[in-house]
Amino acid sequence: QEQLVESGGGLVQAGGSLRLSCAASGRTFSRYVMGWFRQAPGKEREFVAAIGWSGGSTGYAGSVKGRFTISRDNVKNTVYLQMNSLKPEDTAVYYCAAARILAYDLKEYNYWGQGTQVTVSS
């Protein structure tokens, strides 16, 4: 079983950057696909990015493609989300999650972190 803890959120001006981290405590981290999701106030949780077991496969939502980069370090049991050129519409609580398959649907993800707030001011 994986326990996930996100960090790195905060307040940033539009155009700025943040790097989110998600540390996993289980011993099988490298067997999981890892994803990032976000949820803005009054909106449904949405897919942001995902990365395969070895890091060789990645997927992004259209709204973040070219601005965000997902990566992972299987030695440190950590997945990252580098966010550049941030926009006010990126403001949300960001969650990391673990799944058995590379998927965009949050229903495929079995384990979730508690979330970290990202606020982008205009």
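Up top is the structure these notes are about.
Residues numbered from 1 in each chain as written. Predicted model: local features only at pLDDT ≥ 70, side-chain atom pairs only at ≥ 80, totals over all residues. Heavy atoms only, no water.

Concerning the state of the cysteines
Within the structure shown, the criterion is met by 1 disulfide. Disulfide partner of C22: C96, at an S-S distance of 1.9 Å. Here the S-S torsion is close to 45°, and the disulfide linking C22 with C96 is therefore right-handed. Taken together, the residues span a long stretch of sequence, with C22 in strand β3 (residues 18-24) and C96 in strand β9 (residues 92-99) at a distance of 74 residues. A single burial state applies to C22 and to C96, both of which are buried. (Disulfide = S-S within 2.5 Å. Helix = DSSP H or I, 4+ residues; strand = E, 2+ residues; numbered from the N terminus. Buried < 20%, exposed > 50% of the residue type's maximum accessible area, 1.4 Å probe, protein only.)

A closer look at the pattern of salt bridges
Here the structure, examined in full by the defined rule, presents 3 salt bridges. The residue E46 makes a salt bridge to R38 at a minimum N-O spacing of 2.7 Å. Between R38 and D90 there is a salt bridge; the shortest N-O distance is 2.9 Å. Of this pair, R38 sits in strand β4 (residues 33-39) while D90 sits in the loop between β8 (78-83) and β9, placing them 52 residues apart in sequence. The class for D90 is buried, based on a relative accessible area of 0%. A single network of salt bridges, built from pairs that share partners, joins R38, E46, R67 and D90. (Salt bridge = Lys/Arg side-chain N within 4 Å of Asp/Glu carboxyl O.)

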